[in-house]
Amino acid sequence: MIKTLTKHGNSAALVIERPILDLLGASVDTAFEVVTDGKALILTPVKDAVRHTRFRKSMEKVGERYAKSFEELAK
């Protein structure tokens, strides 16, 4: 399958269709670990509930702490 990126603000997004999410046992709320070797991008759904909770809390904390910076960068 060949995919193209879509513009999402100042970033690029990759849309993952429902059948692929279903195959991975993932949903729109699933955290994904992103790994690269410099040539390939590997997305792995995080199945560990404790790790997922820690990840969400960390993301919220970063979002709160740097909200103004993110807003400025988005302009």
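First, a word on what this report is: a plain description of the structure on this page. (Residues numbered from 1 in each chain as written. Predicted model: local features only at pLDDT ≥ 70, side-chain atom pairs only at ≥ 80, totals over all residues. Heavy atoms only, no water.)

Pairing between strand β3 (residues 32-36) and strand β4 (residues 41-45): five bridges, direction antiparallel. Each residue of the ladder has a partner; that of V34, found in β4, is L43. (Pairing = 2+ DSSP bridges. Helix = DSSP H or I, 4+ residues; strand = E, 2+ residues; numbered from the N terminus.)

With that settled, the discussion passes to the pattern of salt bridges. Going through the model one piece at a time under the given rule, you end up with three salt bridges. Between R18 and D22 there is a salt bridge, and its shortest N-O distance comes to 3.8 Å. A residue pair is termed a helical-turn pair when its members lie 3 or 4 positions apart in one helix, as R18 and D22 do in helix α1 (residues 18-24) at four residues. Residues K75 and E72 are paired through a salt bridge, measuring 3.2 Å at the closest nitrogen-oxygen approach. (Salt bridge = Lys/Arg side-chain N within 4 Å of Asp/Glu carboxyl O.)

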